[in-house]
Structures are given as structure tokens and as C-alpha cells.
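Topology and contacts: notes
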Amino acid sequence: MKTLRLLLIFLFSSLIYGQGTQLLRQPTISDNTIVFVYANDLWKVPVSGGQAERLTSNEGYEFSPHFSNDGSWIAFTAEYDGNSDVYVIPVGGGEPKRLTWHPGDDVVQGWTPDGKVLFRSGREARPTQTNKLFAVSPEGGLPEAIAIPRAAYGEISPDGKYVAYSPITSWDPEWRNYRGGQAMPIWIVELATGSLQRTPQPTEERHLDPVWHNGKVFYLSERDLASNIWSYDPVSGQEQQHTFHKKFDVKSLDAGSGSIVYEQGGYLHILDPQTNATRQLVVEVRGDMNFARPRWEDANGNNLSNAGISPTGQRALFEYRGEIFSVPKEKGTFRNLSNSPGVADRYPVWSPMGDKVAWFSDASGEYQLMVADQDGRNAKTYPLPNPTFYFQPDWSPDGNYIAYSDTDYNVWIIALSSGNVLKAATDRYAHPNRTMNPVWSPDSRWIAYSKQLDSHFKAIFAYDVQTRQEVQLTDGMADAISPTWDAGGEYLYFLASTNYGLQSGWLDMSSYDPQVTRSLYALVLSARGKAPNLPESDEEKAAPPTDTGDKKGKKKGGEEEAEKKVVVTIDPIGIYSRIVPLKLEERNYVSLAKGPEHQLYIAESV
């Protein structure tokens, strides 16, 4: 196969006039300057906003910047030389100076009152004590541990008497409104006595990112279901809410001598903690952004995905870095069907005749369905309801419909002649394994999918496009997945597990160890149908009728000239009793794929 070369163009809307640049992260503030992270580099800007100046341009990712107490230095963590370590740089810019050398991650948290860099590290980790706070001199030397057995995010008070911190790190900080075991309050420890206070936590909400300001601890809390800034006074025990954002969370904050800077909605904001007045800064970031330049990439690597073979097997479809490619079996060359740098094109699928190709594209700003000729020409766009992400399109055999699912666990059907879209089904519960992928019956009347029941076991369902009725096909006594229609229309194959129960609560740690095995089953769809594995018996058959010489509609050997039209008949009454186990040793089978009549392919996790 010839080498594929793909031109990548990244569209950077770095300037939104009147609002400034977005995606500004992790700000830190001194008396007159703010330093923040943008595009994996450090930038600085006056506290009034304006044009930002770039401080670092290394290939590694710089993050977690913090001003020194006098505002002349910036400590930060950088992924240089293949590792995350602590560095310092003058506020005016210059070469970063490395302070730590441990192979684990060293993440800057701030500065100690005596001018050392405070950071968290797992260098002394052991079970139940994975991170501690350490301090290292900006002049160099070995780090020294702070006398706290376990700590993650935290700062020492300016007078050196207290340390405010979170005991553990969050493995998923973007889990909004999290109320599980990692939802910790801020711990405030008096270093001389070891006495402990905790910030109030009435709704079991998560508290993060503590900083000191005027004797109080300011931190992020999700008590009102959005992350906002709160404060706690260790002396009086009083707490106070300072910001009241509803739509976008406050993601990080830092305190200076007279104000607090924070990140929210992609912008930087200044908070006056005395009056609770806030203002959004207009910051403009202008740089060469060399990673955003158009460039050529070889498209023959390991990122080819969502492959699909054409109906005759002459060509294959692939998705690669947001483009759709058609590749020949032997002769000819590849084609870039979408040819849309800067646009995400996803999930290509062949039409039943092989003359059309469909995929999802966000060229309009929201994902829509694209249908084009097999060479990518004459593309037509179909707007889709419920703008979100869409998955697993399946084209009906008659070419009239496409069924697909979305990120909200819905199944949709679009009529290509009219563009009308209807919602066929919705899963009852969210689950990281999206098994609700619709597949069409051979006669284009039904779609089948697996859907969760109240027991969290999955059952196989079928939706009738003509009557718009849903039928449950399996009894829910086992966890059933991957429905696959037999090409002859008599059977529906699926995989089912009777030992799945301990994994149905996928978020619980008790589900980690049990092994799931599945067996193969066939469902006889019609009440008049016969099981595919009925015992056979040799019997004498009556002689065939004498040929009358009528050759109409015949081929040699008496075969019908016209192909038999497949009609799928589903009789719901007594259908559970027509589930037939097939002879296949139970293993960890994960999916089925259709084959010729009475044949199918089985994927196993080994």
C-alpha cells in the first residue's frame, strides 16, 4: 500500500475579540503580575490584563506555577528530559533552574515562609501514604520532608504556624459534584502541636486547592453543585462563600497580597475577598504556536481506527486523525474522502451497495451526518438533533436508513430520503462500556441492541421501524450482549453470561477480581421456526414431482432464478422459550460479527 500523507491544520481561535484568549489555566499572582499556563507554556501579564509575554518555550509541559514571597521568582513543575521535576525561573525570564531529580513526579505547591519551594512528591510513598509535602532551597540541595505523614495539595501559612492541605490526590478531578470517598475536606494542622481542624463539609462535597490569605484558608468547594471559592477562618471557625458561579466551575486559584486570581470558564478573574467583587481579565496571548502550523503526517501508523470493508471487499474505510480514507485491496491508490484539515470526521460506514459512504463531521461546529459518493464527491449534510457526540452508525440493508447511538445513551434512526430523525430507545443507566449499538435486520425492518434492565443486567431488544414498537427478546436472567442477525433472517445470535452479577456494579472495587465468561446463544425469532441445532435423522423422502417442462423462473438444477427475499418475523409470545444454547465452550467472548447465512464471527479477550 502506498504511503499516506496527511496535511494537518489546527484551527486556533486564540483571540476572541472583546474577551481575550481562552484556555488560560493555573494562574499565580504577585503584587503586579500574573503568571499562567497556556498551550503548555508559562506566560505573564500585568494584573490589569492586556498582552501576555511568553516566559518558557521548551518542548516539555510546564504547569503549577507559583510566585515566590517577594514576587521575583516563579517555581513550577516541568516535564523536561522525560520526567516531572521542580524548576525556578526569574520573573523577568531566563533559563529554568532544576531543583529536584527524583524519577517520580514532583509537583510545586507554593513557597515556605523562609523562601523554599514547597512541592508534593511520592518519593517516600508506601501503602496508605502515597504523597508528602517537601521543601527544597532555590539554591539547590536535598529536599526536606514537612512533618505531615500524608498530604497532596497544600500550602504553609505565611507565619509558618499552620499547613492547610488535602490528604489525598484526586484520580479524576474533572468528576463534577463528586461525593465519593475522595471527597475530602481541607485539613488544617498546627505544626507545633499537631492539632487538627477540618473545613465544614455538610453535603459531603469535595474541597480542593487551599491557599492562605489574611489568616484565612481559601479553597474550592462544590457545595452549591458548582465549584466556587470559599474561605475558612481557623481562629473563629467561620466559613464564607466568595464566588457564585453557576455554569462553569472555578478550576484553580492563588492568593496575592491584596487579591485572589482564579480560573473559570477558560478566563482569568480577580476576586476582592473583602467585597466579593470579581472582574474578568482580558488577556491576549500571541505566539508563533509552532505546533499549530500546518504540517504533513504519515498516515500509516498505529492510529488507523473504525475500519470497514466495502460490500465486495475491494476497498476498506479507515478513520485517521479526523480524516476518512478509502484504501484499495490491491490496485489503485488511497483516497482522502473528507479532506478537511481542522475538522473531526468520525465513524465511516459503507452503504449496502458500496456506492455511498457516511460519517459524522463537526465541520459546522456540531457533529452532523455526512453522506457522499464512494469517492467523496457530492457530499450531503444531515443535521442531527441533540447536538453531542455520535457513535457506531449502521446502514440498513435497503439503503434507506442509518441507525446510530449518542453519548447520552440514545439510539436514533434517520431516514435518508427525508432527513427525519426519530429516537428509538434510551438506555436506563450510564455505563462506561457502551453496548447499546444498533444493528439492522436483513429486511431493514428491525434494529437490535442490548439495553440495561433495572437489575443492571443487559437484555436484547428489537425495535420495529414500521410500528415503532420495542420488543424485549431475552428474559434478563443472564447478561446478554452483541446481538447479531443471521443472514437468513431466522435467528438472532447473542452472547450471554450467567456469572456477570458481581461486575454489574462496575464502580465498586468488589467487581475487579471476578472473571466473566459468556456462552453463545441463538434466538428462534418465529414461533414456527426450528432450532439451528436440531438432531438430524436420515429418512426416505418422497420422489420429486415430474418436470412438466415449465422452465419459467428456473435455473439448471431446479434453483429459483430470483433470490429469495428475506423477511424477518418476530413472534413475541413465548420468545424466551425459544432461546437455544449453541455448542461452544464458555469463555471471555466480547462480541459477535455477522457472516454468511448460519455463520458468524466471535471475538474473544485473551
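Calculation criteria
- Residues numbered from 1 in each chain as written.
- Predicted model: local features only at pLDDT ≥ 70, side-chain atom pairs only at ≥ 80, totals over all residues.
- Heavy atoms only, no water.
- Helix = DSSP H or I, 4+ residues; strand = E, 2+ residues; numbered from the N terminus.
- Buried < 20%, exposed > 50% of the residue type's maximum accessible area, 1.4 Å probe, protein only.
- Contact = heavy atoms within 4.5 Å.
- Pairing = 2+ DSSP bridges.
- Salt bridge = Lys/Arg side-chain N within 4 Å of Asp/Glu carboxyl O.
- 1 Å grid on protein atoms, 1.4 Å probe; cavity = no way out; pocket = protein on both sides within 12 Å on 5 of 7 lines; lining within 4 Å.
- Points joined across faces, edges and corners; volume = space filled by probe spheres on them.
- Nonpolar A, V, L, I, M, F, W, Y, C, P; charged D, E, K, R; others polar.
- Phe/Tyr/Trp six-rings, centres within 6.5 Å; stacked < 30°, edge-to-face > 60°.
- Lys NZ or Arg CZ within 6 Å of the ring centre and 35° of its normal.
- Polar contact = N/O pair within 3.5 Å; in protein donor to acceptor, adjacent residues only side chain to side chain.
- pLDDT = per-residue confidence, 0-100.

Another aspect to go through is the overall build of the protein. The secondary structure content of the protein amounts to 0 helices and 50 strands. A principal-axis box enclosing the C-alpha atoms of the protein has dimensions of 110 × 50 × 45 Å. Across the 606 residues of the protein, 47% fall into the buried class. Long-range pairs, those at least 24 residues apart, make up 43% of the contacts in the protein with a sequence separation of at least 6.

Here 4 bridges tie strand E43 (residues 458–464) to strand E44 (residues 469–472), and the two strands are oriented antiparallel to one another. Bridging across to E44, Asp464 finds its partner in Gln469. Hairpin connection between E43 and E44: a loop of 4 residues separates the two successive antiparallel strands, and Arg468 in this loop has a positive phi of roughly 60 degrees.

So, on to the pattern of salt bridges. Summed over the entire model, instances satisfying the criterion amount to 25 salt bridges. Close ionic contact of Glu124 with Lys132 constitutes a salt bridge, the shortest N to O distance being 3.1 Å. Note that Glu604 and Arg587 form a salt bridge whose closest N and O atoms lie 3.5 Å from each other. With a gap of 17 residues between them, Glu604 in strand E50 (residues 600–604) and Arg587 in the loop between strand E48 (579–581) and strand E49 (589–594) connect regions that are remote in the sequence. Here the salt bridges share partners, and the residues they tie into one network are Asp41, Arg54 and Asp288.

Throughout the structure, instances matching the rule amount to 3 cavities of 30 Å³ or more. If you add up the space inside the largest cavity, you get close to 60 Å³. Here the residues of the lining of the largest cavity are counted per class, giving 3 nonpolar, 4 polar and 3 charged.

Evaluation of the coordinates by the stated rule reveals 20 aromatic pairs. With centroids separated by 6.1 Å and ring planes inclined at 35 degrees, the aromatic side chains of Tyr162 and Trp212 adopt a geometry described as tilted. You can see Tyr162 sitting in strand E16 (residues 162–165) and its partner Trp212 sitting in strand E19 (residues 207–213), a full 50 residues away along the chain. Here the aromatic residues Phe76, Tyr80 and Tyr87 are joined through ring pairs into a cluster of three or more. Between Arg123 and the ring centre of Phe134, over which it is positioned, the NZ or CZ distance is 5.6 Å.

This next bit is on unusual backbone geometry. Of note in the backbone geometry, Asn40 takes a positive phi value of approximately 70 degrees without being a glycine. Residue placement: Asn40 occurs in the loop between strand E3 (33–38) and strand E4 (41–46).

What follows deals with the layout of surface pockets. Estimated volume of the second largest pocket: approximately 980 Å³. Around the second largest pocket, the lining comprises 42 residues; the ones closest to its centre are Gln26, Tyr153, Pro173, Lys251 and Ser252. Every element with two or more residues in the lining of the second largest pocket is listed here: strand E2 (25–29), strand E7 (62–67), strand E11 (106–111), strand E15 (154–156), E19, strand E20 (216–221) and strand E23 (250–255). Residues belonging to the lining of the second largest pocket are distributed by class as follows: 17 nonpolar, 11 polar and 14 charged.

Strand order in the open sheet formed by 4 strands is E41-E42-E43-E44, and the pairing between neighbours is antiparallel. The outermost strands of the open sheet, each flanked by one partner alone, are strand E41 (439–440) and E44. Summarising the sheet, E41 and strand E42 (residues 446–452) pair through 2 bridges and their orientation is antiparallel. Residue pairing for E42: Val439 is matched across the bridge by Ala448.

Its place among the elements puts Gly488 in the loop between strand E45 (479–485) and strand E46 (491–497). C-alpha of Gly488 to C-alpha of Lys565: the two residues are 77 residues apart in sequence and 9.2 Å apart in space. Apart from the residues lying within four places of it in its own chain, the contact partners of Gly488 are Val566 and Glu597.

Once that is clear, we can look at the side chain of Ser441. In this fold, Ser441 is placed in the loop between E41 and E42. The class for Ser441 is buried, based on a relative accessible area of 0%. At a separation of 2.6 Å, a polar atom in the side chain of Ser441 contacts the side chain of Asp443. When neighbours within four sequence positions are excluded, Ser441 is seen to be in contact with Pro397, Trp446, Trp485 and Val568.

Pairing is antiparallel across the open sheet formed by 4 strands, whose spatial order is E29-E30-E31-E32. Where the open sheet ends on each side, the last strands, each with one partner, are strand E29 (305–309) and strand E32 (335–336). In this structure, E29 lies alongside strand E30 (residues 315–320), joined through 3 bridges in antiparallel fashion. Its bridge partner being in E30, Gly308 is matched across the sheet by Leu317.

Glancing now at the side chain of Gln182. Here Gln182 shows up in the loop between E16 and strand E17 (187–190). On the basis of relative accessible area, Gln182 is assigned to the buried category, the value being 16%. A polar atom in the side chain of Gln182 sits 3.1 Å from the backbone nitrogen of Trp171.

Our focus in this paragraph is the pairing of E50. Bridge count for E49 against E50 is 5 bridges, and the pairing is antiparallel. Counted as the bridge partner of Lys594 is Leu600 from E50.

Within the secondary structure layout, Gln22 lies in the loop between strand E1 (5–8) and E2. What makes Gln22 partly exposed here is its relative accessible area of 29%. Sequence separation between Gln22 and Leu268 is 246 residues, and the spatial gap between their C-alpha atoms is 8.6 Å. Here Gly265 takes part through its backbone oxygen, which lies 3.3 Å from a polar atom of the side chain of Gln22.

In the predicted model, the protein carries a mean pLDDT of 91, and 93% of its residues have values of at least 70. Long-range and interchain partners of residues 8–17, a stretch whose pLDDT sits below 50, account for 27 contacts in this model, where long-range means more than four residues apart. Contacts of residues 553–562 to residues separated by more than four positions or lying in other chains number 6 contacts, the stretch itself having pLDDT below 50.

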